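# Architecture at a glance
If you want the building blocks of each chain, they are given just below.
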Amino acid sequence: MTRVTLTYCVPCGFRERALDTQEAILTSLETELDSFELVMGDHGVFRVEVDDEIVFDKEVDDFDVDGIVRDVRNRL
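Calculation rules
- Residues numbered from 1 in each chain as written.
- Predicted model: local features only at pLDDT ≥ 70, side-chain atom pairs only at ≥ 80, totals over all residues.
- Heavy atoms only, no water.
- Helix = DSSP H or I, 4+ residues; strand = E, 2+ residues; numbered from the N terminus.
- Contact = heavy atoms within 4.5 Å.
- Pairing = 2+ DSSP bridges.
- Axes fitted to C-alpha atoms, helices over the stretch in contact; angles between N-to-C directions.
- Phe/Tyr/Trp six-rings, centres within 6.5 Å; stacked < 30°, edge-to-face > 60°.
- Buried < 20%, exposed > 50% of the residue type's maximum accessible area, 1.4 Å probe, protein only.

### What about the environment of G44?
Within the fold, G44 resides in the loop between β2 (35-41) and β3 (46-50). As a C-alpha pair, G44 and K58 span 14 residues in sequence and 8.6 Å in three-dimensional space. Discounting residues that sit within four places of it in the chain, G44 has contacts with C9, C12, F14, K58 and E59.

### Comments concerning the sheet that holds strand β1 (residues 3-9)
Sheet architecture is open: four strands sit in the order β2-β1-β3-β4, paired in mixed fashion. On the outer flanks of this sheet lie β2 and β4 (53-57), each paired with one strand and no other. Neighbour-to-neighbour, the strand axes of this sheet turn through a mean angle of 20 degrees, independent of strand direction. The sheet contact formed by β1 and β3 spans five bridges and is antiparallel. Each residue of the ladder has a partner; that of L6, found in β3, is V48.

### Remarks on the packing of aromatic side chains
For any pair of aromatic rings, the description consists of the separation of the ring centres together with the inter-plane angle of the planes. The full count for this structure, using the stated rule, is four aromatic pairs. Geometrically, the ring pair formed by F14 and F46 is edge-to-face, given 6.1 Å between the ring centres and 85 degrees between the ring planes. Taken as a pair, F14 in the loop between β1 and α1 (15-29) and F46 in strand β3 lie far apart in primary sequence, 32 residues in all. Taken individually, F14 and F46 each receive the classification buried, so the pair is uniform in this respect. Look at F46 and F63: their rings are 5.6 Å apart centre to centre, the planes differ by 85 degrees, and that puts the pair in the edge-to-face class. Of this pair, F46 sits in strand β3 while F63 sits in the loop between β4 and α2 (65-75); the two residues are 17 residues apart in sequence, bridging distant segments of the chain.

Okay, structure coming up:
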């Protein structure tokens, strides 16, 4: 079972970025996923995980929606 989790910072106003990223992932990979979860967080978090493995973290990576989709696809 493949689960994607996107955690984003509410106080930072990352909701639109999270929704755009969710849309891109689901548009490309929806039939290959079992679940997709948006998790509200704080402290500047913006992280994408596939089955608990981090594939994107804004603390380390530059934000690129296409790159995030590629990284998720590579973990499937």
